[in-house]
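Chain residues, written in single-letter form:
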Amino acid sequence: MTATTQQPEQTGWLGRSVTRKEDDRLIAGRGNYIEDVVLPNMLHMAILRSPYAHARIKGIDASAAQALPGVVAVVTGDLLAEHKLAWMPTMSGDTQAVLATDKVRFQGQEVACVVAEDRYAAHDALDLIEVDYEPLPPVVDPFRALEEGAPLIRDDKEGQTDNRIYHWEAGDGEATDRAFADADRVVEIDTHYPRSHPAPLECCGCVADVNPASGRATIYMTSQAPHAIRTVFALVTGLPEQNIQIISPDIGGGFGNKVPVYPGYVVATAASLLLGRPVKWIEDRTGNLISTGFARDFHMHGELALREDGTMLGLRVKMLSDQGYAYADAQPSKFKAGLFHMVTGSYDLPAAHVITDGAYTNKAPGGVAYRCSFRITEASFLVERLVNTAAYELGMDPAELRRRNFITADQFPYTSATGFVYDSGDYGPALDLALEKVGYRELREEQARLREEGKLLGIGIASMTEALGAGPSRDYDILGIKMFDSAELRVHPTGKAILKLGVRHQGQGHETTFAQIVAHELGIPPEDVLVHEGDTDNTPYGLGTYASRSTPTAGAAAAMVSRKLRDKARKIAAHLLEVAETDLEWDNDRFSVAGAPEKVSTIQDIAFAAYTNHPQGMEAGLEGVHYYDPPNLTFPFATYIVVVEVDADTGQWKPRTVVAVDDCGVRINPMIVEGQIMGGLTEGYAMSAMQQITFDEDGNCIGANFMDYLLPTAWETPHFDLYDTCTPSPHHPLGAKGVGESATVGSPAAFVNAVVDAVAHLGVRDIDMPVTSDRVWEAVRAARQDG
Amino acid sequence: MKRSITVTVNGQSRTAQVEARLLLVHFLREELGLRGAHVGCDTTSCGVCTVLLDGLPVKSCTMFAVQADARTITTVEGMVSNGRLHPVQQAFKDEHGLQCGFCTPAMMLVASALLEDNPDPSEEEIRWAISGNLCRCTGYQNIVKAVQAAAAAPDPAPAEQGSTT
């Protein structure tokens, strides 16, 4: 069996694995990351953090720190309060302290900052600041947080009388109740998607340079979304927006961690404003893990109603989100739990009801989209675990149960029970290809054979669908700013070009992929197209790079602006060749005259003429800008199959094979797409096997360094076998879909399903992530005792 | 109190007065302007600060500059010779062995040290050799491919010995 859908034949620059333009500087050690930004007369800032999860601040004595040689200033919350800067808005419209004034509300909260002549002096001074804390009872468990009598965490907020942040529902409760009443079987699962952290290898940081004479603030910042940050900064600081320039230099990984505004950025800017000198803040790793945007931490209960033959009738989900002390998801304002309501996944579910609540706890704020479209990762995990459980309960093969309930190719565009309109899909061929490549039937035979020998082999499947590319502006905004994106293209007289975009890459290869889009549309080869991002003074407005939205939005904008210029180029070519526009035919990089193919005008000829010999009455130049508001999200899909070997005596498990079949529509640069998929699979493995941040009963964070918060190395990380099918997006100008996060969204369930599958015959149905060896061992022990 | 150290960095002898507590990575980055070594974790876990000390990988965030006195250091800036990329650098580009690039200089130095010691490593030996260096972007597979490609690459043309410089 082979896939029915394949990549279109490579034409021009589309579908070509061009090596990356950005690599030349990066392999030479000549990247320009935030730590590399050095300005004359620059000061260094360090942050003092709270040792308590919940405490009242009775007083701060910074006199000894202030007196230390090299120290220029100590900034406290009280000082910021004088300038109305002690609190700032979060990306979800809540508030968050810049520096604590009344109370600290999580361990690691920012309490004071030292600004000094060098970084060593700044850190020395932190030890000399005396803070008088009165410890308060911490709220660590989100279920306890919502109980009557729980300590009120946000007593600073007027009208806030409990720890509930939101209650939000999607779908149709009554229809879902009816579906459950009609069901032969109901299966359920209770699971926690653990708190995780994106942990890019470069921590956050900034260099703030406010010129006291001009009032102009130039802020170099590790930001995935510099334009949105500029607007937020204008609102927070009161500086006029034209006086704020955010420059996001090379970024050493983001994964959602570098979307929000963090206190360090704001204090460094305030300090620069007050002191009239540039101030640099570079976060340390503990600061990064303990205080900046965490991800996940959803407690989920899912129920699936089925007929005995496996037909799915309805899905009911209850979810409680542990948000920390501020609701700080960077996500569309319309949806309180992000896109979690896409929990029906790849399945034709006639009815669904999703009930979500968010709770404050004494933990760091966040809820960032960690390689994820706004909580869609948690949704995908839940439904793919639930389907697996249903397969065991019905005695059906997990692949067969999936296939039986897939939305079929003829149902697209498909409106889901929770309101998503899936643009396209063809899930069966992707599943079939994955089964074929992994050798599914043989594996099931081997599994049975090994079980007789007392050995454990597990096969886990996840058939993921998700929604990428926020977004259509009618539904998607962050803090009211619509989620379109933009591209500006300037073709210079010599036929070389610069493409400026509102997004900001952090390793995704935009400098190459987007140059290929211009090359494909306009015939200017990629090496002649400079791609410029991350400088708000010199790029058009956009919402940034996260949630796999760049190719669906900015990539589309790049295609559209290229087409605009091609339209103008046609007019210039007609002038140069002295024919009517309608007599011209476009071929790759040139117009030729129909019937006289020797008469041509290349894009380079046209670019030169645009500045030297343009038609009278036409505006000179070959430049344009396009703001692209996508008509819909794009819906990539995949099937991931993981094969694991499990040692029943120790609970240790090891992936033996990982097969990934991804369908992200047309691939502009397949090499880069595959790189994204492998990175995503690794994060999926990491989540399933080791990554988690936990807290003890006092709210102390366990996981605030890389010795407690484990990331996979090359040694554990499995080998990946990648395949693809191609179902183009019907509305994206190039037929492309987002892809960066797909494997992170979809694969954790495949890993967990594989481990559970290895021990399912013992009666094990669930093991929480991360699936550590002690949890596996315990699950097997408990199952054997019960059995 | 400052101490005088002399370190051979990328073939050049460098003498400086440094504080005893100055970390090697800060010495390289801030005193010598060699920005290819990065800082990622402060606890010797992530390896993005790795440089070669007398040919062997060390994590320069947990070494003092004074400990490098009278020793030889190679950083990514020293991988290019006679204007030619090191085969490992070329292979990282050709095999898409990097994405954000933050771990890349360290990863390439470790790979080059491995190949000095073992010119034809197995996949397992490569994975073991780079297991002290984290990468969050690539999933390592293309890094392994790059090291294999570099191992298979023909030796670069010998440096022009004795040419006038």
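Residues numbered from 1 in each chain as written. Chains lettered and ligands numbered in written order. Predicted model: local features only at pLDDT ≥ 70, side-chain atom pairs only at ≥ 80, totals over all residues.

Break down the overall build of chain A for me, citing the residues and quoting the values.
Regarding its fold elements, chain A presents 19 helices and 34 strands. Taken against the 2.2 N^0.38 rule, which gives 28 Å for 787 residues, the C-alpha radius of gyration of chain A at 27 Å falls within 12% of a compact globule. In terms of overall dimensions, chain A has C-alpha extents of about 85 × 75 × 50 Å along its principal axes. Among the 787 residues that make up chain A, the fraction classed as buried is 60%. Partitioning the contacts of chain A with sequence separation of at least 6, the portion at a separation of at least 24 is 79%. (Helix = DSSP H or I, 4+ residues; strand = E, 2+ residues; numbered from the N terminus. Rg over C-alpha atoms; globule rule 2.2 N^0.38 Å. Buried ≥ 20, exposed ≤ 12 C-beta atoms within 10 Å, placed from the backbone. Contact = placed C-beta atoms within 7 Å.)

Explain the packing of helix α10 (residues 376–394) of chain A against helix α18 (residues 742–759) of chain A residue by residue, including any values.
Residues and elements named next belong to chain A. The N-to-C vectors of α10 and α18 enclose an angle of 30°; their axes lie 8 Å apart at closest approach. Between α10 and α18, the angle falls in the class roughly parallel. For the element pair α10 and α18, the recorded crossing hand is right-handed. Only Thr744, Val745, Gly746, Pro748, Ala749, Val752, Asn753 and Val756 of α18 make contact with α10, whose side of the interface consists of Ile376, Thr377, Ser380, Phe381, Glu384, Arg385 and Asn388. Each residue belonging to the contact of α10 with α18 can be placed in one class, and the counts come to 7 nonpolar, 6 polar and 2 charged. (Axes fitted to C-alpha atoms, helices over the stretch in contact; angles between N-to-C directions. Parallel < 35°, antiparallel > 145°, perpendicular 65-115°, else oblique. Left-handed = near helix turned anticlockwise from the far one by under 90°. Nonpolar A, V, L, I, M, F, W, Y, C, P; charged D, E, K, R; others polar.)

Could you give an account of the domain arrangement of chain B, with specific residues and numbers?
Residue and element names in this part refer to chain B. Split into domains, chain B comes out as domain 1 (2–76) and domain 2 (87–152). Here domain 1 and domain 2 have C-alpha centroids that lie 21 Å from each other. Taken together, the contact between domain 1 and domain 2 spans 15 residues of the former and 12 residues of the latter. Those elements giving two or more residues to the side of domain 1 that touches domain 2 turn out to be β3 (50–53) and β4 (56–59). When residues of the side of domain 1 that touches domain 2 are assigned to their parent elements, the largest contribution, 3 residues, is made by β3. Here the side of domain 1 that touches domain 2 is built from residues that sort into 9 nonpolar, 6 polar and no charged. (Domains from an automatic or database assignment.)

Can you break down the domain arrangement of chain A residue by residue, with the values?
Residue and element names in this part refer to chain A. You can read the domains of chain A as domain 1 (34–136 + 203–251 + 258–291), domain 2 (376–468 + 633–786) and domain 3 (485–628). Taking only C-alpha atoms into account, the centre of domain 1 sits 40 Å from that of domain 2. Counting residues at the interface gives 8 residues for domain 1 and 9 residues for domain 2. Residues that form the side of domain 1 that touches domain 2 fall into these classes: 3 nonpolar, 4 polar and 1 charged.

A description of helix α13 (residues 440–452) of chain A should follow, citing residues and the corresponding values.
One full turn of an α-helix is made of 3.6 residues, so residues set three or four places apart face in the same direction. Helix length check: α13(A), at 13 residues, gives a terminal C-alpha distance of 19 Å against a target of 18 Å (1.5 Å per residue), a fit within 8%. Just beyond α13(A), the residue with positive phi is Gly454(A), at close to 85°. (Expected span 1.5 Å × (residues − 1).)

I'd like a rundown of the interface of chain A and chain B, residues and numbers included.
Each partner contributes residues to the interface: chain A has 40 residues there, and chain B has 43 residues. Elements supplying a minimum of two residues to the side of chain A that touches chain B: α1 (23–27) and α17 (670–689) of chain A. In terms of residue class, the side of chain A that touches chain B is made up of 19 nonpolar, 14 polar and 7 charged.

Residue-level account of the pairing of strand β2 (residues 12–19) of chain B, with values.
Residues and elements named next belong to chain B. Pairing of strand β1 (residues 2–9) with β2 involves 8 bridges; the strand directions are antiparallel. Note that in β2 the partner of valine 9 across the bridge is glutamine 12. Joining the antiparallel neighbours β1 and β2 is a turn of 2 residues, in which asparagine 10 adopts a positive phi near 50°. (Pairing = 2+ DSSP bridges.)

Break down helix α11 (residues 398–405) of chain A for me, with residues and values.
All names here are of chain A. For α11, every residue scored as buried is listed here: Pro398, Ala399, Leu401, Arg402 and Asn405. The buried side chains of α11 occupy one side of the element, clustering within an arc of 165° when seen end-on. Its buried side turned inward, α11 meets β16 (312–322), α10, α12 (427–438), α13 and β20 (456–465). (Arc of directions from axis to C-beta.)

Break down the environment of Ile219(A) for me, with residues and values.
Residues and elements named next belong to chain A. When you line up the elements, isoleucine 219 lands in strand β12 (residues 217–221). We classify isoleucine 219 as buried; it has 26 C-beta atoms within 10 Å. Taking the C-alpha atoms as reference, isoleucine 219 lies 57 Å from glutamate 393; in sequence the two are 174 residues apart.

So what about the sheet that holds β1(B)? Which residues, and what values?
Residues and elements named next belong to chain B. The strand order β2-β1-β5-β3-β4 describes an open sheet built from 5 strands, whose pairing is mixed. Strand pairing shows two members of the sheet lacking a second neighbour, β2 and β4, which therefore form its edges. Direction aside, neighbouring strands of the sheet carry axes that sit 40° apart on average. Packing against the sheet, helix α3 (residues 104–117) makes contact with β3, β4 and β5 (72–74), and its axis sits at approximately 35° to β3.

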